[in-house]
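The chain contents come next:
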Amino acid sequence: MRAFDRRHPLVWDVLVTGFFVTAAFTDVLGGGWRYITQNPQAPTWLIVTLSLGFTVPLLWRRTHPVAILLPMLPLAVVNAWTGTDLQSSLTLLVVTFNIALHTALRTLLASYAVTMIPIVVDGFRNATEQAADQSPDQTIVPQATRLAMVAIVGISYRTRQEYLASLVERAAQLEVERDQQARLATAAERTRIAREMHDIIGHNLSVITSLADGGSYAAAKNPERAAQALTAIGTTSRQALGELRRLLDVLRTDPSATEPPGPEPPGPALGTALRLEPPGMEMAPQPSLTDLDHLIEGVRSAGLPVRTTIHGYATALAPGRQLTVYRVIQEALTNTLKHGGPDATSTVSVSYGDGGAVTATVTDTGRGSTAHGTGGRGLTGMRERTALYGGTLESGPLPDHGWRVHLHLPEETPQ
């Protein structure tokens, strides 16, 4: 009903106004007003005028409550002064309720004060004509109290409406914030996945490409070296496939869901290919600095000599920081494989400090091409990872030749 009233307010206004007009004229035509009036000789035109004046303006009671009160007040004074005392004058209570409901408190107080005028007139008229029966306070106080109660009811109803409106607005705001947070989380997750995909695919494919090129050259002269290259390609491929499956598994709605039973579809399928992985590869954890030796061995097998220097221990380093250092070193070595040239060598230096601080430097003796830092997401990804922990990342060519990547993560802030 409230929703219908918001869409079609005129319907309810007409119904309410029609009810009071009908009740007023029923009272007039049936002669019921004569049983309570103090002036049974009042002319008919006055009775009809007062009845219309007290009821018809109610059509605008919700849109202009103060405006309809002003013309009704003189009629109320006439009604009280002449002793007509029509029951239709009680519609002033309806107007007062709407003033309390739709206007400010200051307007309500002013309206209450002027509405007391016909009440006071009626009280003193009764006191003049029936001094022995009633005093002014016996007439004025009950009517003033009744008017005040109606105003209080209007205020309390208005307060409840405002409270419900605030709850609705808050719920809508929370829904918007929830959607925004979901979109931000989705964007952040996509960025993280894209960064991981770049690191996994870029590094492993670079290693596989180098191994394949070396194996093709060695196939004719040294079949044993070619076979070793093929074995290394298979190992690297399985490792990359396991990391990709672990990464893509986070995109599943229900990680514990299993494939429904049934025959396999004909032909090669992604699920069949993924099941070719060795046992234990399906949910491999994120790489850490304990896997750094394996990473460097893979790069060496691809033909890039790497010398490492480690100071301290990574045992106190948080997993997220370990992953950041690992990925930065991985990206730097991958860029050397791609752009360093055939005779390039690389040096990896890692130093662990107190409180989770770590410094890693990767240099190479390659051609120092600007392609190290352009044309892809690698440098951007390294900087994003570093910024997560308030660290710094420097990348650029060395003075003579080669390239240098320097990472520094400060101490962790105590939580």
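Draft legend 1. Examining the sheet that holds strand β5 (residues 403-409) more closely. On the basis of which strands lie adjacent, the open sheet formed by 5 strands has the order β1-β2-β3-β5-β4 and mixed pairing. Looking at which strands have only one partner, the edges of the open sheet turn out to be β1 (306-311) and β4 (392-397). Within the sheet, the average angular offset between the axes of one strand and its neighbour, ignoring direction, is 5°. Relative to β5, strand β3 (residues 358-364) runs antiparallel, the two being bridged by 7 bridges. The partner of Thr361 across the bridge, within β5, is His406. Contacts from helix α10 (residues 292-301) reach β1 and β2 (346-352) within the one sheet, and its direction differs from that of β1 by about 165°.

Draft legend 2. Layout of the nonpolar core. Within the largest apolar cluster, 36 residues are counted, with the highest numbers of intra-cluster contacts made by Leu289, Leu292, Val325, Ile329, Leu333 and Val350. For this core, the secondary structure elements donating two or more residues are α7 (136-221), α8 (223-249), α10, α11 (319-339), β2, β3, α12 (378-388) and β5. Tallying contributions element by element places α11 first for this core, with 7 residues. Apart from residues lying up to four places away in sequence, Ile329 is in contact with Leu292, Leu295, Val348, Val350, Ala360 and Val362. By size, the runner-up hydrophobic cluster in this structure holds 21 residues, among which are Leu46, Leu69, Leu73 and Ala100.

Draft legend 3. The pairing of β1, seen in detail. In this structure, β1 lies alongside β2, joined through 6 bridges in parallel fashion. Opposite Ile310, over in β2, you have Val350 as the bridge partner.

Draft legend 4. Region of interest: helix α2 (residues 9-29). Helix length check: α2 (21 residues) gives 30 Å between terminal C-alpha atoms against 30 Å at 1.5 Å per residue, within 8%. Looking only at α2, the buried set comprises Asp13, Val16, Thr17, Ala24, Asp27 and Val28. The arc that holds every buried residue of α2, seen down its axis, measures 115°, which confines them to one face. In this structure, α2 carries Leu15, Phe19, Thr22, Thr26 and Leu29 as exposed residues pointing more than 90 degrees from its buried face. Of the surrounding elements, those touching the buried residues of α2 are α3 (44-55). Of the residues trailing α2, Gly31 is marked for its positive phi of about 75°.

Draft legend 5. Layout of the pattern of salt bridges. Throughout the structure, instances matching the rule amount to 8 salt bridges. Residues Asp13 and Arg62 are paired through a salt bridge, measuring 2.9 Å at the closest nitrogen-oxygen approach. In this pair, Asp13 sits in helix α2 while Arg62 sits in the loop between α3 and α4 (65-81), placing the two residues 49 residues apart along the sequence. On the basis of relative accessibility, which here comes to 7%, the residue Asp13 falls in the buried class. For Arg178, the salt bridge identified is with Glu175, shortest N-O distance 3.9 Å. Of the two residues, Arg178 and Glu175 both sit in helix α7, 3 residues apart, roughly one turn of that helix. The exposure class of Arg178 is exposed, given its relative accessible area of 52%. Connected via shared salt-bridge partners are Asp5, Asp13, Arg61 and Arg62.

Draft legend 6. Region of the structure containing the environment of Ala194. Relative to the helices and strands, Ala194 is located in helix α7. Judged by its relative accessible area of 31%, Ala194 falls in the partly exposed class. Taking the C-alpha atoms as reference points, Ala194 and Gly381, 187 residues apart in sequence, are found 9.0 Å from one another.

Draft legend 7. Just unusual backbone geometry, in detail. In this model, Asp85 sits at a positive phi of 55°, which is unusual for a non-glycine residue. Among the residues examined, Asp85 registers a relative accessible area of 19% and is labelled buried.

Draft legend 8. A look at the side chain of Arg327. The topology assignment puts Arg327 in helix α11. On the basis of relative accessibility, which here comes to 0%, the residue Arg327 falls in the buried class. Among the polar contacts made by the side chain of Arg327, one reaches the side chain of Gln330 at a distance of 3.0 Å.

Analysis parameters
- Just so you know, the residues in each chain are numbered from 1, in the order the chain's sequence is written.
- Given that this is a predicted model, residues contribute local features only at a pLDDT of at least 70 and side-chain atom pairs are listed and counted only at 80 or more, while totals for whole chains, interfaces and linings are drawn from all residues.
- Excluding hydrogens and water, the side-chain figures rest on all heavy atoms present in the structure.
- DSSP calls a pair of strands paired once it identifies at least 2 bridges connecting them.
- Strands are runs of DSSP state E lasting at least two residues, helices are runs of H or I lasting at least four, and both sets are numbered from the N terminus onward.
- To get an axis, fit a line to the C-alpha atoms, keeping to the stretch in contact for a helix; angles then go from 0 to 180 degrees between the N-to-C directions.
- Pairs of residues are marked as contacts when any of their non-hydrogen atoms sit within 4.5 Å.
- We define the nonpolar core as a collection of buried residues of types Ala, Val, Leu, Ile, Met, Phe, Trp, Tyr and Cys that are connected through side-chain atoms lying within 4.5 Å of one another.
- When a residue's accessible area, from a 1.4 Å probe over protein chains only, is under 20% of the maximum for its type it is buried; when over 50% it is exposed; and in between it is partly exposed.
- Helices are assigned an expected span. That span is 1.5 Å times one less than the residue count.
- As used here, the arc is the angular range of directions from the helix axis to the C-beta atoms.
- Salt-bridge detection follows one rule: a side-chain nitrogen of Lys or Arg within 4 Å of a carboxyl oxygen of Asp or Glu.
- Definition of a polar contact: a pair of N or O atoms within 3.5 Å, with one able to donate and the other able to accept a hydrogen when the atoms are protein atoms, and with sequence-neighbouring residues admitted only if both atoms are side-chain atoms.

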